[in-house]
Amino acid sequence: MPRPDFSASLGLTRSLLIYYGQPWRRSSLKRFYAGLVCKGDLVFDIGAHAGSRSRTLLSLGARIVALEPQPLFADFIARSFAGEELTLLRKAVGKEPGSVDLHISSRHPTVTSISSSWISKVEKTSGFRNVTWDRVERVEMTTLDALIEEYGLPVFCKIDVEGAEADIIAGLRHPIPLIAFEYIPATMEIAEEAIDHLRKLGPYRFNRVEGERHRFVHDEWITADAMLAEIAGLADRVSSGDIYGRLEV
């Protein structure tokens, strides 16, 4: 069995290749984000991982508050973004402040999660068959409301936290103009809960992005009911994506 430090180094290398090794995808992401944020906008990057989304948003002039509790990625961000308009917090985000167990996969650090129930569901699926969550660390947890109180209301909040998306949004009391969260077909109930929470906060309409295509599926944004009906039909698919909620004004 590989040593833990070797597995972690291998996992980081794999993640960097995924996030930074395909420049055409980064160019596509920049064009996509350019239609969503402007220079000077405040953005929360919840689950920053290796910082690729933050890097793209910074290139557009946004100000970033990035949260990444996983030491491997947090250390990388601290080194790579020194002196830039990025505030790094080594915390998880959830429904309530406190502390939580972070379940880490050394070989596949991008699927590290604070949700043991999410892990128990996805580890049975083909896409996670080779993933082992081999370490647990206790980390501090904050909420979106606490972040808003300290840093201000963001124009955009991206959430990619492997199963805790609905809990994070459930702790939100201040509607955010634009919010995005990952969906995985095997755990679509999490996306459904997140949509239900958002529509209770305000008049949100929704769109989605499939995989890493960096373009919206719909030309027009749709209602919560329409999005719920749509994703119910995606449960048998393999690919994941992101759902975007936009506050109508």
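This structure is a prediction, so every number in the text was calculated from the model and none was measured.

A.B. asks: I'm lost on empty space enclosed by the protein in this one. Help?
C.D. replies: The method is simple in principle: a probe with the dimensions of a water molecule rolls over the atoms, and the space it marks as empty is what remains. Overall, the coordinates contain 3 cavities of 30 Å³ or more when judged by the stated rule. Here the largest cavity is characterised by a volume of approximately 160 Å³. Taken together, 16 residues form the lining of the largest cavity, with Gly 47, Pro 69, Leu 102, Thr 112 and Val 161 sitting closest to its centre. Its residues placed into classes, the lining of the largest cavity shows 8 nonpolar, 5 polar and 3 charged. The volume enclosed by the second largest cavity comes to roughly 60 Å³. Forming the boundary of the second largest cavity are Trp 118, Gly 163, Glu 165, Glu 182, Tyr 183, Ile 184, Thr 187, Ile 190 and Ala 191.

A.B. asks: Even after reading the chapter, I still don't get the packing of aromatic side chains, so can you show me in this structure?
C.D. replies: To describe a pair of aromatic rings, one takes the distance between the centres and the angle between the planes. In the structure shown here, the tally under the stated rule is 11 aromatic pairs. Arranged with centres 6.4 Å apart and planes meeting at 85°, the rings of Trp 118 and Trp 133 form a pair that is edge-to-face. With Trp 118 in helix α5 (residues 116-122) and Trp 133 in the loop between α5 and β6 (135-142), the pair connects residues that are 15 residues apart, well separated along the chain. Of the two residues, Trp 118 and Trp 133, both sit in the buried class. When the centroid spacing of 6.1 Å and the interplanar angle of 10° are considered together, the rings of Phe 156 and Tyr 244 count as stacked. Note that Phe 156 is positioned in strand β7 (residues 156-159) and Tyr 244 in strand β10 (residues 241-247), a separation of 88 residues in sequence. Both residues of the pair, Phe 156 and Tyr 244, belong to the buried class. Joined through ring pairs, the aromatic side chains of Phe 32, Tyr 33, Phe 156, Phe 216, Trp 221 and Tyr 244 make up one cluster. A cation sits over an aromatic face here: Arg 55 above Phe 81, 4.0 Å from the ring centre.

A.B. asks: What should I look at first to understand the sheet that holds strand β8 (residues 178-183) in this one?
C.D. replies: Within a sheet, neighbouring strands are paired by backbone hydrogen bonds and run either parallel or antiparallel to one another. Taken in spatial order, the 7 strands make up an open sheet running β3-β2-β1-β7-β8-β10-β9, and their pairing is mixed. Strands at the two margins of the open sheet, each flanked by one partner only, are β3 (86-89) and β9 (204-210). Within this sheet the neighbouring strands show an average axis-to-axis angle of 15°, counted without direction. Here helix α6 (residues 144-151) sits on the sheet and contacts β1 (42-46), β2 (63-67), β3 and β7; the angle it forms with β1, its principal contact strand, is near 145°.

Quick notes on the rules
Residues numbered from 1 in each chain as written. Predicted model: local features only at pLDDT ≥ 70, side-chain atom pairs only at ≥ 80, totals over all residues. Heavy atoms only, no water. 1 Å grid on protein atoms, 1.4 Å probe; cavity = no way out; pocket = protein on both sides within 12 Å on 5 of 7 lines; lining within 4 Å. Points joined across faces, edges and corners; volume = space filled by probe spheres on them. Nonpolar A, V, L, I, M, F, W, Y, C, P; charged D, E, K, R; others polar. Phe/Tyr/Trp six-rings, centres within 6.5 Å; stacked < 30°, edge-to-face > 60°. Helix = DSSP H or I, 4+ residues; strand = E, 2+ residues; numbered from the N terminus. Buried < 20%, exposed > 50% of the residue type's maximum accessible area, 1.4 Å probe, protein only. Lys NZ or Arg CZ within 6 Å of the ring centre and 35° of its normal. Pairing = 2+ DSSP bridges. Axes fitted to C-alpha atoms, helices over the stretch in contact; angles between N-to-C directions. Contact = heavy atoms within 4.5 Å.

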